[in-house]
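Overview (structure and organization)
The residues making up each chain are set out below.
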Amino acid sequence: MTEIREVLARHGFGFKKQYGQNFLTDVNLLRAIVGDAGVDGTAAVLEIGAGAGALTRALAERAKRVVSFEIDRSLRPVLEETLAGVQNVELVFGDFARCDLAALEERLGRYFVVANLPYYITTPIVMRFVEHARLCAGMCVMVQEEVAARFAARPGTPDYGAVTAAIALRGRCEIVRKVPRTMFFPRPNVDSAVVRIVFEEDRLPVLSQSAYRAVVRAAFSARRKTLENDLMSAFSLPRASARELLLAAGIAEGVRGETLPPESFARLADELVRNKILS
Ligand code: SAM
């Protein structure tokens, strides 16, 4: 889609590094991402970062409706041109981080998030949906390759961490596509990957999601400590109580949190709730 570059040049658009502006232009790749996301005509799509509108346009071809946020108001004339004649797109100029997600969800109904995310706020954006979204069916997002590896990591691997376990509470996460840096304009210094998270009702049933998150935070607060020590320091517990909780959750003595699957954190969080240590 060289015409996107032409439109940007004609409008004298200057790329702003601080907004993570690395645009996509390859139509085949854009359509493949829309396919990865499983967008169909029944659901709305929320995009964060319209950029020059290339992905927005590809999404509009398949989605019922697209709501797209863009922080950089200087892209307005560009988007007016690249999205001319596209009826089912609503552009919102502003910082997505400051929008009221609950109110937005009320307007969207069931929706998917599909975006080539600005790299500097990838994790906070994904965590916002993981922790607070109620009507989001799933996310299909382009992120830096090493961030993708963290999101979709297996227990016991170096990439496995608090973010992995937090995502696993709400959905299934997988890397669906690797995308080399050469596909972006301007070209970034790292490669990227498309990650798909499918949210599932009761994916990991827990008595309290906030207790689960607290346990996960504790388990990854110091990677070389045992989970027993993590519990003692995070929740001011004597060693005997920490041991009892682990035993009740079916977790062996002496293990480190980073080796445990999310299901173990769920059982442990439930034990902390049952024992009124967390609510
Ligand atoms: N979707 C376009 C594409 O694929 O070519 C642009 C993707 S670019 C990686 C990220 C876009 O997000 C940029 O246009 C940037 O200005 C925008 N952006 C950055 N921070 C944002 C924020 N907090 N809220 C909304 N948009 C933001």
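Residues numbered from 1 in each chain as written. Predicted model: local features only at pLDDT ≥ 70, side-chain atom pairs only at ≥ 80, totals over all residues. Heavy atoms only, no water.

1. Some thoughts on the overall build of the chain
Along the backbone of the chain there are 12 helices and 9 strands. Seen along its three principal axes, the alpha-carbon backbone of the chain occupies a region of about 70 × 40 × 30 Å. Expressed as a percentage of its 279 residues, the buried residues of the chain come to 51%. At a minimum sequence separation of 6, the contacts of the chain that also span at least 24 residues come to 68%. In the form shown here, the chain has an accessible surface area of approximately 13,000 Å², with 49% of it arising from carbon and sulfur atoms. Of the side chains in the chain, 37 bear a positive and 33 a negative charge, and the two mean positions are spaced by 2 Å. (Helix = DSSP H or I, 4+ residues; strand = E, 2+ residues; numbered from the N terminus. Buried < 20%, exposed > 50% of the residue type's maximum accessible area, 1.4 Å probe, protein only. Contact = heavy atoms within 4.5 Å. Areas by Shrake-Rupley, 256 points an atom, 1.4 Å probe, with all protein chains shown as cover. Lys, Arg positive; Asp, Glu negative; His and termini not counted. Charge placed at Lys NZ, Arg CZ, Asp CG, Glu CD.)

2. A closer look at the environment of alanine 60
Locating alanine 60 in the fold gives a position in helix α3 (residues 54–62). With relative accessibility at 11%, the residue alanine 60 sits in the buried group. Considered as a pair, alanine 60 and serine 264 are 204 residues apart in the sequence and their alpha carbons are 41 Å apart. Contacts of alanine 60, omitting those with residues within four sequence positions, involve Val66, Val86, Asn88 and Val89.

3. Things to note about the site of the ligand
Leu24, Gly49, Glu70, Asp95 and Tyr120 are the nearest of the 21 residues found near the ligand. Glycine 49 is positioned such that a nitrogen or oxygen atom in its backbone is 2.7 Å from a nitrogen atom of the ligand. Backbone polar atom of phenylalanine 96 to a nitrogen atom of the ligand: 2.9 Å apart, as the coordinates give it. In the complex, the protein chains occlude 99% of the 590 Å² of accessible area that the ligand would expose alone. Listing elements by their share of the shell around the ligand, those giving two or more residues are β1 (23–24) and β3 (65–70). Residue composition of the shell around the ligand, grouped by class: 11 nonpolar, 7 polar and 3 charged. (Near = heavy atom within 4 Å. Polar contact = N/O pair within 3.5 Å; in protein donor to acceptor, adjacent residues only side chain to side chain. Nonpolar A, V, L, I, M, F, W, Y, C, P; charged D, E, K, R; others polar.)

4. Here's the deal with the domain arrangement of the chain
Assigned domains within the chain: domain 1 (2–199) and domain 2 (209–274). Just the C-alpha atoms count here: the centres of domain 1 and domain 2 sit 34 Å apart. Across the contact, 13 residues belong to domain 1 and 13 residues belong to domain 2. Together, the buried faces of domain 1 and domain 2 total about 990 Å²; carbon and sulfur atoms form 65% of this surface. In this structure, the connection of domain 1 to domain 2 is made through 1 salt bridge. The residue arginine 213 makes a salt bridge to glutamate 131 at a minimum N-O spacing of 3.9 Å. The interface formed by domain 1 and domain 2 includes 3 residue pairs in polar contact (both at pLDDT 80 or more). By residue number, the principal contributor to the side of domain 1 that touches domain 2 is helix α8 (residues 162–170), which donates 6 residues. Each residue belonging to the side of domain 1 that touches domain 2 can be placed in one class, and the counts come to 8 nonpolar, 3 polar and 2 charged. (Domains from an automatic or database assignment. Buried area = accessible area lost by both parts, 1.4 Å probe. Salt bridge = Lys/Arg side-chain N within 4 Å of Asp/Glu carboxyl O.)

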